[in-house]
Amino acid sequence: MVTQRQRLANLAISKSNNTAAVSPGGISDYVITIANPGPDAVVDAVLTDNLPPGVTLRAPWTCSASAGSTCAQASGGTIGAQESISVQLNVAVGGQALVTVPVNYSSNPDDFD
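Residues numbered from 1 in each chain as written. Predicted model: local features only at pLDDT ≥ 70, side-chain atom pairs only at ≥ 80, totals over all residues. Heavy atoms only, no water.

Asks: Just checking my understanding: could you explain the pattern of salt bridges for this structure?
Replies: Side-chain pairing between opposite charges can occur once the charged atoms of the two side chains come close. Enumeration according to the criterion identifies two salt bridges in this entry. Put simply, K15 and D49 hold a salt bridge, and the shortest N to O gap is 2.8 Å. On the criterion of sequence distance, the pair formed by K15 in strand 1 (residues 12–16) and D49 in strand 3 (residues 42–50) is long-range, its members being 34 residues apart. Among the residues examined, K15 registers a relative accessible area of 48% and is labelled partly exposed. For D29, the salt bridge identified is with R58, shortest N-O distance 2.3 Å. (Salt bridge = Lys/Arg side-chain N within 4 Å of Asp/Glu carboxyl O. Helix = DSSP H or I, 4+ residues; strand = E, 2+ residues; numbered from the N terminus. Buried < 20%, exposed > 50% of the residue type's maximum accessible area, 1.4 Å probe, protein only.)

So this is what it looks like as structure tokens:
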């Protein structure tokens, strides 16, 4: 007998820059953490993050994954641009991926609207 079941995963995604406040003209790195407590692995998930108004990419962003997980095809990343970044992920049960995004904040407060 063959029993089919739906694959189940429970991705937990958080985003932090470990900074209490940012100032116009400042810089920071923010980290997006994608964790999978299971019960099944996640295959070919796509994470997309849009940089908000007034924020531009200051250096290449990176993705690293724990053993058994992978950061696959990536796109986006023009230095000095306010754009989206996107990465395809495979996240093992108990695994995680970390996307680190270095950014500049505009010195003009009106750019944050």
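Asks: What am I meant to see in the sheet that holds strand 7 (residues 84–91) here?
Replies: Hydrogen bonds along the backbone pair up the strands of a sheet, which may run parallel or antiparallel. Pairing is antiparallel across the open sheet formed by three strands, whose spatial order is 3-7-6. Only two strands of the sheet have a single neighbouring strand rather than two, namely strand 3 and strand 6 (70–75). Looking at each pair of strands side by side, their axes are set apart by 20° on average, direction ignored. Two elements, strand 6 and strand 7, share four bridges in a ladder whose sense is antiparallel. Directly across from A74, in strand 7, lies its bridge partner V87. (Pairing = 2+ DSSP bridges. Axes fitted to C-alpha atoms, helices over the stretch in contact; angles between N-to-C directions.)

Asks: For this particular structure, what's the right way to read unusual backbone geometry?
Replies: It is generally the case that most residues other than glycine have a negative phi and that most peptide bonds are trans. The omega angle of the peptide bond from G38 to P39 is 20°, so this bond is cis rather than trans. By the element assignment, P39 lies in the loop between strand 2 (27–35) and strand 3. Non-glycine residue N18 carries a positive phi angle of around 50°. Inspection of the secondary structure assignment puts N18 in the loop between strand 1 and strand 2. Unlike most non-glycine residues, D44 shows phi in positive territory, near 65°. Structurally, D44 is set in strand 3.

Asks: What should I look at first to understand the state of the cysteines in this one?
Replies: The term disulfide refers to a covalent linkage connecting the sulfur atoms of a pair of cysteines. In total, this model carries one disulfide according to the counting rule given. Paired through a disulfide, C63 and C71 show a sulfur-sulfur distance of 2.0 Å. Disulfide C63 to C71: torsion about the S-S bond roughly -65°, handedness left-handed. (Disulfide = S-S within 2.5 Å.)

Asks: What am I meant to see in the nonpolar core here?
Replies: Within soluble globular proteins, side chains that are nonpolar tend to cluster in buried spots. In terms of nonpolar packing, the biggest core is built from 19 residues, with I34, V99 and V101 touching the most fellow members. Among the elements of the structure, strand 2, strand 3, strand 4 (55–57), strand 7 and strand 8 (96–105) are those that each provide at least two residues to this core. Ranked by the residues each element gives to this core, the list is headed by strand 8, at five residues. (Core = buried A, V, L, I, M, F, W, Y, C linked by side-chain atoms within 4.5 Å.)

Asks: How should I be thinking about the side chain of S69 in this particular structure?
Replies: Relative to the assigned elements, S69 resides in the loop between strand 5 (62–65) and strand 6. From its side chain, S69 meets the backbone nitrogen of A92 in a polar contact 2.9 Å long. Once you skip the residues sitting within four places of it in the chain, S69 turns out to touch N90, V91, A92, G95 and Q96. (Polar contact = N/O pair within 3.5 Å; in protein donor to acceptor, adjacent residues only side chain to side chain. Contact = heavy atoms within 4.5 Å.)

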